[in-house]
Amino acid sequence: MAVSEHGRSTLKRQAIMEAATSAFMSQGYSGTSMDDIAKLAAVSKQTVYKHFSDKEKLFAEIVLATTDRIDGMVDLVAHIPADADTLEENLTQLARRFLAALTEPQVLQLRRLVIANADAFPELGAAWYEQGFERILSTLAAAFQHLAHHGLLQIDEPLLAANHFSGLLLWIPVNKAMFHGSPQHTEAELDHYATAGVRAFLAAYR
């Protein structure tokens, strides 16, 4: 079956975004040109400009598109069972998945890329944070408030508690990755961070 003109255009746009993502990740924003992206995407430079008027808009679209991946994490966070007998187990399972998702190599690379360009594109950095991590924190705060309502947690400031929870999990692996330039953890280490982080959190808030 022949591909329609719209279908070909969509495929080219997707190829450009994939090529640009790869280029930005490996060469940084300033080190990547539209020529580089066109070459990687196997399209003409004119085709790149037809879909994206400039490099900044292409970069912004790529960065903000990644926040769609947060939807699954938000849904997971929103449904912590209010069960006293399995509270630690449920939070530990959540912590493991939370850590796995937020320490993926591409997520860490993107985080580094956004931070590196925060001065040049502060609004983009703020939008990425608000639509991504801040949305997770807000959902987690609401979930903790729900658990507190059922007498399972003792919380005065749910959002602060959400930040404490995520900080206990992410501080070590994310900081290592940010400074070393690549993930510096094993699955066993992440599991240990999850277990220890939940125990520390419950020691403070249960």
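About the criteria used
Per-chain numbering applies: the sequence of each chain, read as written, is numbered from 1 onward. Whole-chain, interface and lining totals are the exception, using all residues; otherwise, since this is a predicted model, local features are given only for residues with pLDDT of at least 70 and side-chain atom pairs are given and counted only at 80 or more. Heavy atoms from the whole structure form the basis of all side-chain values; hydrogens and water molecules are not counted. Put simply, DSSP marks the helices as runs of H or I at least four residues long and the strands as runs of E at least two long, and each gets a number from the N terminus on. Residue exposure (1.4 Å probe, protein chains only): buried if accessible area is under 20% of the type maximum, exposed if over 50%, otherwise partly exposed. Contacts between residues were defined by any pair of non-hydrogen atoms, one from each residue, lying within 4.5 Å. Charge convention: Lys and Arg are scored as positive, Asp and Glu as negative, and His as well as the terminal groups of each chain are ignored. One atom stands in for each charge, and that atom is NZ of Lys, CZ of Arg, CG of Asp or CD of Glu. Between Lys or Arg on one side and Asp or Glu on the other, a salt bridge is scored when a side-chain nitrogen of the former is within 4 Å of a carboxyl oxygen of the latter. In this text, buried Ala, Val, Leu, Ile, Met, Phe, Trp, Tyr and Cys residues form a nonpolar core when linked through side-chain atoms within 4.5 Å. The axes used here are C-alpha line fits, helices contributing only the stretch in contact, and every angle between their N-to-C directions lies in the interval 0 to 180 degrees. By definition in this entry, angles of less than 35 degrees are roughly parallel, angles greater than 145 are roughly antiparallel, angles of 65 to 115 are roughly perpendicular, and the rest are oblique. A crossing counts as left-handed when the near helix is turned anticlockwise from the far one by less than a right angle, and as right-handed when that turn is clockwise. Amino acids are sorted into nonpolar (Ala, Val, Leu, Ile, Met, Phe, Trp, Tyr, Cys and Pro), charged (Asp, Glu, Lys and Arg) and polar (every other residue, Gly among them). For a helix, the expected span equals 1.5 Å multiplied by the number of residues minus one. To be clear, the arc concerns the directions from the helix axis to the C-beta atoms. Buriedness of a pocket was judged along seven lines, with at least five required to meet protein on both sides within 12 Å; pockets are open sets of points on a 1 Å grid over the protein atoms alone, cavities are sets where a 1.4 Å probe fits but cannot get out, and lining residues have an atom within 4 Å of a point. Grid points are joined across faces, edges and corners, and a volume is the space filled by probe spheres set on the points.

*Asks:* Outline the overall build of the chain, listing residues and values.
*Replies:* Check the secondary structure of the chain and you find eleven helices and zero strands. With respect to the principal axes defined by its C-alpha atoms, the chain has extents near 60 × 40 × 30 Å. Relative to its 206 residues, the chain shows a buried fraction of 42%. Within the chain, counting contacts between residues at least 6 apart in sequence, those at least 24 apart form 73% of the total. Computed over 17 positive and 24 negative side-chain charges, the inter-centroid distance for the chain is 9 Å.

*Asks:* Explain the pattern of salt bridges residue by residue, including any values.
*Replies:* What the rule picks out here adds up to six salt bridges. Where Glu61 meets Arg13, a salt bridge forms, and the shortest distance between an N and an O atom there is 2.5 Å. You can see Glu61 sitting in helix α4 (residues 55–65) and its partner Arg13 sitting in helix α1 (residues 5–27), a full 48 residues away along the chain.

*Asks:* Just give me the short version of the nonpolar core, but keep the residues and values in it.
*Replies:* Among the nonpolar cores identified, the biggest contains 38 residues, and Ile80, Leu91, Leu140, Phe144, Leu153, Phe165 and Phe201 are the most heavily contacted of them. Apart from the residues lying within four places of it in its own chain, the contact partners of Ile80 are Leu91, Leu94, Leu140, Ala143, Phe144 and Leu147. Counting residues in hydrophobic clusters, the runner-up holds 25 residues, among them Met17, Ala20, Ile37 and Ile62.

*Asks:* Can you lay out the packing of helix α6 (residues 87–102) against helix α11 (residues 187–205) for me, pointing to particular residues and giving the numbers?
*Replies:* Axis separation between α6 and α11 bottoms out at 9 Å; the angle between their running directions is 135 degrees. Between α6 and α11, the interaxial angle falls into the category oblique. Handedness of the α6/α11 crossing: right-handed. For the pair α6 and α11, the contacting residues are Leu87, Glu88, Leu91, Thr92, Ala95, Arg96 and Leu99 in the first and Leu190, Asp191, Tyr193, Ala194, Thr195, Val198, Arg199, Phe201 and Leu202 in the second. Across the contact of α6 with α11, the residue classes tally to ten nonpolar, two polar and four charged.

*Asks:* Any chance you could break down α6 for me, citing the residues and the numbers?
*Replies:* If you check α6, its first and last C-alpha atoms are 22 Å apart, about what 16 residues at 1.5 Å a residue would give, namely 22 Å. Along α6, the residues classified as buried are Leu87, Asn90, Leu91, Thr92, Leu94, Ala95, Phe98, Leu99 and Leu102. Check the buried side of α6 and you find it contacts α5 (70–78), α7 (105–116), α9 (133–149), α10 (158–180) and α11.

*Asks:* Account for α5, with residues named and values stated.
*Replies:* Three or more residues of α5 are buried, namely Ile70, Met73, Val74 and Val77. An end-on view of α5 places all buried positions within 100 degrees of arc, on one side of the element. Packed against the buried residues of α5 are α6 and α9.

*Asks:* Before we move on, can you summarise the packing of α6 against α10 with the specific residues and values?
*Replies:* As a packed pair, α6 and α10 sit with axes 10 Å apart at the nearest point and diverge in direction by 40 degrees. Judged on the interaxial angle alone, α10 and α6 are oblique. Note on packing geometry: the crossing formed by α6 with α10 is right-handed. The residues of α10 that touch α6, namely those facing Leu91, Leu94, Ala95, Phe98, Leu99 and Leu102, are Phe165, Ser166, Leu169, Leu170 and Pro173. The class makeup of the residues in the contact of α6 with α10 is ten nonpolar, one polar and no charged.

*Asks:* Tell me about the layout of surface pockets, and please be specific about residues and values.
*Replies:* In this structure, the largest pocket spans a volume of roughly 610 Å³. If you go around the largest pocket, you meet 26 residues; those closest to its centre are Leu102, Val107, Arg111, Trp128 and Phe133. When residues of the lining of the largest pocket are traced back to their parent elements, those giving at least two are α5, α6, α7, α8 (122–131), α9 and α10. Forming the walls of the second largest pocket are 15 residues, and the residues nearest its centre are Met17, Thr21, Ile62, Thr66 and Gln106. For the lining of the second largest pocket, the elements supplying multiple residues, two or more each, are α1, α4 and α7. Counting residues per element, the lining of the second largest pocket draws most heavily on α1, at six residues. Taken together, the residues of the lining of the second largest pocket break down into nine nonpolar, four polar and two charged.

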